[in-house]
Every structure is written in C-alpha cells, then in structure tokens.
Amino acid sequence: MLKKIIPIVILLLALAFSACEKDDICVEGDTPQLVIRFYDAVNTTEFKAVPSIRVVGVGKDVTVNTITDRGTLDSIAIPLNPGETISEFLFIIDSADDEDGFEAGNIDGINFNYEVEEEFIGRACGFIGNYNNLNATLSPDADNWIQNIEITKALVKTEDTLSAHVKIFH
C-alpha cells in the first residue's frame, strides 16, 4: 500500500512545483496613494510644514494611518477609496485634545473627486486602482487655514513624495 502512495505523492509535489510561474508572487502592484505637499501661501515656492497635523477620513473614527499623527510635516501620502469616486478628509492643523477630550485644532474639509481606472498587474496581484481627473474642493468656513489647493498631477498612478499630486498653500 505504501509503495502505491509514494509515487502518487511525488507526482503531486512535482505538479505543484511545476505549476508555479514567476508572476505567482506579487512584488509590485499597490494602489498608489495621493501625495500632498504643503507650501507657504505668501512665498508659494517655499515648503511650509503643518504643525501637529492630523488627517481623518470623513465618517471614520480613526486617523489616517499612513502619516505620523500630530506630526509636523510638509509632505503626506493618503489613501483614496478605489471603490468610490470621492474621498473626503478633515485636515487639522495644531491638533490637540481639549480638557474634555475633543479636538481643539483648526479643521478644514477637502473633497477629492476622481475617476478610478483599474489596471491589471498580473495573476498574483490582480488589479490596482489608478485615479484620473483628480480635483479637490475645500469646504469653506469662517476660519480656513488652507488658503489654496492646486492639482499638479490629475493622474495618480505613482506615489513619488518629491513630485506631489496636490499642493496645499497655508
């Protein structure tokens, strides 16, 4: 009985290893994040870090986990929702909790609208989403810390932090 099982096991192992192809391991293929750089509103060529920045998705009860929460940053990368055509975020400057545990920083809302373009990477990776025709809308309020938003790349296909998709002036 054992003599009959050993050849079958060897045959199955040989078939399993011969079926693997190079593209069965996904080494590339992540949906890109939106890269945002912050600039001085007066001297528009100078980077200007945002003190204690916090970014929260609208309707989410947690902060965006791709950046240091309440860090002082002049560049961030945030995920857009590939299942939707709009992603809404709250950008908070000088984020801190008040004595009751509520947010005390200045909050500005930005809506990012886009078209999702699926790109097939391979069998192992499947599809990724790229974002085209990106535009942004700042929700106006009495105390906007964001002065202007400029889309520098309407196609979000890569996430190079040196080459932002969006410039925010404050």
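Residues numbered from 1 in each chain as written. Predicted model: local features only at pLDDT ≥ 70, side-chain atom pairs only at ≥ 80, totals over all residues. Heavy atoms only, no water.

(A) Representation of the pattern of salt bridges in the model. All told, the structure shown has 6 salt bridges when counted by the stated rule. Here D74 and R37 are joined by a salt bridge, their closest N and O atoms 3.5 Å apart. Placement of D74 in the loop between β3 (71–73) and β4 (75–78) and of R37 in strand β1 (residues 34–39) is noted, with a sequence separation of 37 residues between them. Looking at D74, the relative accessible area reads 27%, which means it is partly exposed. For R37, a relative accessible area of 7% translates into the label buried. Here R70 and D97 are joined by a salt bridge, their closest N and O atoms 2.8 Å apart. Here R70 is found in the loop between β2 (50–57) and β3, whereas its partner D97 is found in the loop between β5 (86–93) and β6 (106–122), with 27 residues between them in sequence. (Salt bridge = Lys/Arg side-chain N within 4 Å of Asp/Glu carboxyl O. Helix = DSSP H or I, 4+ residues; strand = E, 2+ residues; numbered from the N terminus. Buried < 20%, exposed > 50% of the residue type's maximum accessible area, 1.4 Å probe, protein only.)

(B) Spotlight on the environment of K153. Tracing the sequence through the fold places K153 in the loop between β8 (148–151) and β9 (166–169). The sequence separation of K153 and K167 amounts to 14 residues, and the corresponding C-alpha distance is 9.8 Å. Apart from residues lying up to four places away in sequence, K153 is in contact with L134, S163, A164 and H165. (Contact = heavy atoms within 4.5 Å.)

(C) Spotlight on the sheet that holds β5. With antiparallel pairing, 5 strands are arranged side by side in an open sheet as β3-β2-β5-β6-β7. At either end of the open sheet lies a strand with only one pairing partner, and these are β3 and β7 (126–138). Strand-to-strand twist across the sheet, computed as the mean angle between neighbouring axes with direction ignored, equals 45°. The sheet contact formed by β2 and β3 spans 2 bridges and is antiparallel. Counted as the bridge partner of V50 is L73 from β3. (Pairing = 2+ DSSP bridges. Axes fitted to C-alpha atoms, helices over the stretch in contact; angles between N-to-C directions.)

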